[in-house]
Protein chains: 2
Amino acid sequence: MRDFKFHVDTAILFGEDQARAFAEEVKKLGSRALIVFGGGSVKRNGIYDTITSALKEEGVECVDHGGIEPNPRIESVVSGVEKVKAENIDVIVPIGGGSTIDAAKLIAAASVTGGDPWDIVVKKARVTGALPLATVLTLSATGSEMDTSSVITNPETKEKLGWASRHVLPKVSLLNPAYTKTVSPYQTASGTADIMSHTMENYFSLNDDAFLQDSFAEGLLRTCVHYGPIAVENGDDIEARSNLMWASSWAINGLLNTGKSQAWSVHPMEHELSAFFDITHGVGLAILTPRWLRHLLNEETAPKIARFGHHVFDIPKKDTMEMAEEAIDRLHDFFLSMNVPMTLEEVGITEDALEPMAKACADHVGGTIKGFVDLHEEDILAIYKASFKN
Amino acid sequence: MRDFKFHVDTAILFGEDQARAFAEEVKKLGSRALIVFGGGSVKRNGIYDTITSALKEEGVECVDHGGIEPNPRIESVVSGVEKVKAENIDVIVPIGGGSTIDAAKLIAAASVTGGDPWDIVVKKARVTGALPLATVLTLSATGSEMDTSSVITNPETKEKLGWASRHVLPKVSLLNPAYTKTVSPYQTASGTADIMSHTMENYFSLNDDAFLQDSFAEGLLRTCVHYGPIAVENGDDIEARSNLMWASSWAINGLLNTGKSQAWSVHPMEHELSAFFDITHGVGLAILTPRWLRHLLNEETAPKIARFGHHVFDIPKKDTMEMAEEAIDRLHDFFLSMNVPMTLEEVGITEDALEPMAKACADHVGGTIKGFVDLHEEDILAIYKASFKN
C-alpha cells in the first residue's frame, strides 16, 4: 500500500428519529442557517418543515436558498454567497441530494475565501476556509454528505468540473433512510449506479495490494446489487433504503481508496455527457461502465474483473477470461434490470456530439485518463461509440 | 437498521514514512508527552528512538513510562497517573500494542477525571475528560488505536474488565506496518485471531438487515484468512503486514456494528481465561470461537454461519446446514494452520478451573450473555469443556 492519511470526522446521525439530535449539533455550529434546497420537493414531502422546525426550536434562524438545479450551476452558488453576506449566515444546511450539497459546499467555501466562486472550481483560487456544513441527505447517490468534494456546472463554458477541499467536509450529516422513500424508481436506479461507479472507480486498478479496501468494495457492490432492484421495485422498503444510504457514504468517503493510486476513469467521461446534454449523472455512468470494462479487457486486466465477478455476482471460479466476460455482461444486465436506459441514444445524446465530447474530455484531463488502463482521446471516443446504441 | 451515531475522528497516518507527520500532530496536542510502552522491545528494535527523536525535533519533551504488562494491570495505570501529575504531562503517547494503548487510555482518563482509576473500569466513576492520546501501533490486533475502549486487569480481584469512553478515542494514530515485522509468528497468529474475533462478534447476530456492514465484515475476514498465514510464514511481507494492520482498526472502530445490536459473546468468555491464567487473548478467542459456533448451531443460526462460510472460505452453495458445519471446521482448521494451539489444555488451563471460570463469566455478564444465541452459565461451561481438549 501507499502511505496515506485518513481523517473523516463527519458525525453521522443515522435513522428515523434523529432530527432533534441534528438540530442540537447545528446549534453548536451557528445560529443563522442558510437552508439550501432544490426544486421544492423537500417542501412538498415535509422534510423541509421537519428540519427547519427542529432548528427553530433550538433557536437557529433559517434563511431559504431554494432552486438548486440537478446539475448545480455556478449562478446558484453566486446568489447563495450574496445571501450569506446579506443575512449574516454562519452555518450552511443543505437539504437534498448531491447536487444541493455540492452547491452548498461551494457557497460555504466561497463565502470565506472570497472572490469569484468559479475560480475555486477551476483551481485559480485556493480555499482558505469555509462556513461549517450540516447536511440532510434525501438521495442516496453522490456521497457528498461524507466527503470533501463537489461538482459544479458552468453552462456558459459547457464545463462540469469537480473540486475538493478539506474545509468543506460536512461537520454533521443526517441520514434518514425514510427521507428517500419518495425517490422515484428512475432516480433510485441512477443513484445506485452512482454509488457503484464510485466504488468501481476505486476498485479497478492494477495495483492490487490493497486487498482489504478491495474486499470492502466488493461488499459494498454486493449490497447495491442486492438492494438496488428491491428499492426500485418498492420505494418503501426501509431495509433497502437504509443499506443504500449507508453505502452511498462509504463508496466515496476515502476509505476505499486509502493506500491506492487514484485512477478515476468513467467519471471524467461521464461529465462531458451531462455537461453537453444535462443527462442524469448516474445513468451516464451506468451506460459507460460496462463498455469501458469491455474496452480495456485483456490478459492483464482480466484477473481483477474476474475477481469482481466472483465476489459481486457470485460467478463460480473457472477460466479467468471467461469469468471476466461474464462479469461485464452481468453488470450490464444488472443495470438493465433496474430499467436504466443502457444506450446514449436513449437518453437523447446525438451521434454528432461524440467526437466533440471525446475531445473535450481529453482536454479536461490533460490529454490522457490515467487509470486502470490509460485512455487517450481515441479510446474515449471508442467507448462513447460502443455506448451509443446496442 | 437501528438508529445510530457514527463519529470516528481519529486521524490515521498510515505508512512507512509518517513519523515526522505524527510528531507534528502531537505538537498540536501538547508539549510534554508521557511515552507509554511495554517490556522494552520498542527500545531494542529502534521504534522508541524513531518516535522520541521526531517528537524532540518538534520540541515535545518525553517522559518514559515503560513496563506495561501484556494484560495491562491497574498498578501500571496508577503509577502512570502519578507520573502525569509529577511531570506536568499534557499528552499521552503509547508505543505498542493494544495492552499498552489500553493502559494509556486509562492513564489519560484518570488523570483528568481524578479518583481511583479502577473506579472507572468498574463504572463506579464516570469519565469527565481525558488528556489527548496519540498512539504508535506495533501490533495488529486489538484495534485500540481507533476506538474508545480499553481492557484492564486487576490481579488482586482476578478481574479483567472492559470500559469505554468517547474521551479516550485517540486524536491521531501512527500505523506503520514495518513496525510489526518483528512480531513473532505466535503473536501474529494471535493478533489475527483477535481481529477476526472482533469482526465475528459484530457479524454473528440474528438481526440481519445490516447487509452492508456484514458484507464489510466478510471482506475483512477474507483479508485475515488470506494474509494471516502469509505474515506468520514470513514476518517481512509488507503487503500482509499492511493489510492486517489496517484491518485491525476497522474490525472494531464502530463501523461494523453500526445499526446492529451489540452482542459480544466470545470476548466475555475469553476474558475469564486470561484473568485466571494470563494466557494470550487472541489465542483464547481462537480456541473458543469454533466451539461457540458449534454449540449454537441450529436451524435458526445455520443460514448466517453458511453465509459466513460462503463469503469468507469460498464454500460453494449447497445444503445450508452442511455449509455451516463446513464453515466451522474451516475456521478451526484455519487457526490450526497458523499454528495456534487449539485446546485450553495446551495453553496450560486446568480442568478444575472450568467451572469457577464459567461461574465468574456468568457473574460478570449479569447471568446471561445476550448474543447471537443467549448463553447461560451451563452453556458457557459446555463451551469451555468442548474447548478443553480434542
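Residues numbered from 1 in each chain as written. Chains lettered and ligands numbered in written order. Predicted model: local features only at pLDDT ≥ 70, side-chain atom pairs only at ≥ 80, totals over all residues. Heavy atoms only, no water.

Here's the deal with the pattern of salt bridges
The test is simple: The term salt bridge refers to a side-chain nitrogen of Lys or Arg lying within 4 Å of a carboxyl oxygen of Asp or Glu. We count a stretch as a helix when DSSP gives it H or I for four or more residues in a row; a strand needs E for two or more, and each element gets its number in order from the N terminus. For every residue, the accessible area (1.4 Å probe, protein chains only) is compared with the maximum for its type, and the residue is labelled buried under 20%, exposed over 50%, or partly exposed between those bounds.
Counted under the stated rule, the structure contains 38 salt bridges over all chains. Note that A:Lys28 is salt-bridged to A:Glu25, the shortest N-O span being 3.2 Å. Residue A:Lys28 and its partner A:Glu25 are both found in helix H1 (residues 19-29); the two are separated by three residues, about one turn of the helix. Assessed through its relative accessible area of 65%, A:Lys28 is described here as exposed. Residue classification places A:Glu25 among the buried positions, given a relative accessible area of 18%. A network of salt bridges, in which partner residues are shared, links A:Lys5, B:Glu25 and B:Lys28.

Observations concerning the domain arrangement of chain A
All names here are of chain A. Going by this rule: For the purposes of this description, domain bounds are those given by an automatic or database domain assignment. Contacts between residues were defined by any pair of non-hydrogen atoms, one from each residue, lying within 4.5 Å. Defined in terms of a 1.4 Å probe, buried area is the accessible area two parts forfeit on being brought together, summed over both.
Assigned domains within chain A: domain 1 (11-179) and domain 2 (185-387). With 23 residues of domain 1 at the interface, the matching set in domain 2 holds 25 residues. At the boundary of domain 1 with domain 2, total buried surface from both sides reaches about 2,000 Å², with 63% on carbon and sulfur atoms. When the area that domain 1 buries against domain 2 is broken down by residue, the three leading residues are Ser140, Met146 and Lys160, summing to 27%. The interface formed by domain 1 and domain 2 holds two salt bridges in total. The closest approach of N and O atoms between Glu270 and Lys160, which form a salt bridge, is 4.0 Å.

Regarding the nonpolar core
We apply this condition: Here, the term nonpolar core denotes a set of buried Ala, Val, Leu, Ile, Met, Phe, Trp, Tyr and Cys residues that are joined through side-chain atoms within 4.5 Å.
Core analysis: the largest hydrophobic core is formed by 171 residues, its most contacted members being A:Trp246, A:Met269, A:Phe335 and B:Trp246. In contact with A:Met269, other than residues within four places in its own chain, are A:Leu288, A:Trp292, A:Cys361, A:Ile369, A:Leu375, A:Ile380, A:Ile383 and A:Tyr384.

A short note on the sheet that holds strand E5 (residues 91-96) of chain B
The criterion, for reference: Two strands pair if DSSP finds at least two bridges between them. Inter-axis angles, ranging from 0 to 180 degrees, are taken between N-to-C directions of lines fitted to C-alpha atoms, where helices are fitted over the stretch in contact.
Taken in spatial order, the seven strands line up as E1(A)-E2(B)-E9(B)-E6(B)-E5(B)-E3(B)-E4(B) in an open sheet, and their pairing is mixed. Edge positions in the sheet fall to strand E1 (4-6) of chain A together with strand E4 (61-65) of chain B, since each has one partner strand and no second. With direction set aside, neighbouring strand axes in the sheet form an average angle of 20°. One ladder, built from four bridges, connects strand E6 (residues 134-137) of chain B with strand E9 (residues 172-175) of chain B; its direction is parallel. The partner of B:Leu137 across the bridge, within E9(B), is B:Leu175. This element, helix H4 (residues 74-86) of chain B, spans strand E3 (32-36), E4 and E5 of chain B of the sheet and lies at about 155° to E4(B). On the sheet, helix H9 (residues 238-250) of chain B packs against E1 of chain A together with strand E2 (11-14), E6 and E9 of chain B and is oriented at approximately 170° with respect to E2(B).

A few points about the UniProt feature "domain: Fe-containing alcohol dehydrogenase-like C-terminal" (unreviewed entry) in chain A
Quick reminder of the rule: UniProt positions are given in the numbering used here, feature names are shortened, and annotations may be inferred rather than shown by experiment.
Feature annotation in UniProt assigns "domain: Fe-containing alcohol dehydrogenase-like C-terminal" (unreviewed entry) to the following positions: residues 188-387 of chain A. The annotated region residues 188-387 of chain A carries 66% helix and 0% strand content, and the separation between its end C-alpha atoms amounts to 22 Å.

Describing the packing of helix H7 (residues 185-203) of chain A against helix H9 (residues 238-250) of chain A
Residues and elements named next belong to chain A. For clarity, the threshold we go by: Oblique is the label for any angle not covered by the other classes, which are roughly parallel (under 35 degrees), roughly antiparallel (over 145) and roughly perpendicular (65 to 115). Should the near helix be turned anticlockwise from the far one by less than a right angle, the crossing is left-handed, and should it be turned clockwise, the crossing is right-handed. Gly falls in the polar group here, along with every residue not listed as nonpolar (Ala, Val, Leu, Ile, Met, Phe, Trp, Tyr, Cys, Pro) or charged (Asp, Glu, Lys, Arg).
Axis separation between H7 and H9 bottoms out at 10 Å; the angle between their running directions is 40°. Between H7 and H9, the angle is such that the two are oblique. Of the two possible hands of crossing, H7 and H9 adopt the one that is left-handed. Taken together, the residues of H9 that come into contact with H7 (itself represented by Thr188, Thr192 and Ile195) are Arg241, Leu244, Ala247 and Ser248. Residues of the contact of H7 with H9, tallied by class, amount to three nonpolar, three polar and one charged.

Structural notes on the interface of chain B and chain A
Chain B puts 45 residues into the contact, and the matching count from chain A is 45 residues. Counting the surface lost from both chain B and chain A, the interface buries some 3,800 Å², and carbon and sulfur atoms represent 60% of this. A:Glu218 serves as the salt-bridge partner of B:Arg222, at 2.6 Å between the closest nitrogen and oxygen. Of all the secondary-structure elements, those providing two or more residues to the side of chain B that touches chain A are strand E1 (4-6), E2, helix H8 (211-233), H9 and helix H12 (302-313) of chain B. Looking at which element gives the most residues to the side of chain B that touches chain A, the answer is H8(B), with twelve residues. Grouping the amino acids of the side of chain B that touches chain A by side-chain chemistry returns 19 nonpolar, 14 polar and twelve charged. Two strands pair when backbone bridges link them, and strand E2 (residues 11-14) of chain A and E1(B) are joined in this way by three bridges, in the antiparallel orientation. Of the residues in E1(B), the one forming a bridge with A:Ile12 is B:Phe6.

Section: the pairing of strand E7 (residues 149-154) of chain B
Regular strands place side chains that alternate from one sheet face to the opposite one. Residue and element names in this part refer to chain B. Across six bridges, E7 lies against strand E8 (residues 159-164) in antiparallel orientation. Opposite Ser149, over in E8, you have Ala164 as the bridge partner. Hairpin connection between E7 and E8: a loop of four residues separates the two successive antiparallel strands, and Lys158 in this loop has a positive phi of roughly 55°.

Some points on helix H4 (residues 74-86) of chain A
Just so we agree on the cut-off: Under the convention used throughout, the expected extent of a helix is 1.5 Å for every residue step, that is, one less than its residue count.
Compared with the 18 Å implied by 1.5 Å per residue over 13 residues, the 19 Å span of H4(A) between its first and last C-alpha is a close match. Positive backbone phi, approximately 55°, marks A:Asn88, located one or two places after H4(A).

Some remarks on H1(A)
For clarity, the threshold we go by: Arc, as used here, means the arc of the directions from the helix axis to the C-beta atoms.
Those residues of H1(A) lying buried are A:Ala19, A:Phe22, A:Ala23, A:Glu25 and A:Val26. The buried side chains of H1(A) occupy one side of the element, clustering within an arc of 160° when seen end-on. Among the exposed residues of H1(A), those oriented more than 90 degrees off its buried face are A:Arg20 and A:Lys28. Against E2, helix H3 (47-57), strand E5 (91-96), strand E6 (134-137) and strand E9 (172-175) of chain A together with E1 of chain B lie the buried residues of H1(A).

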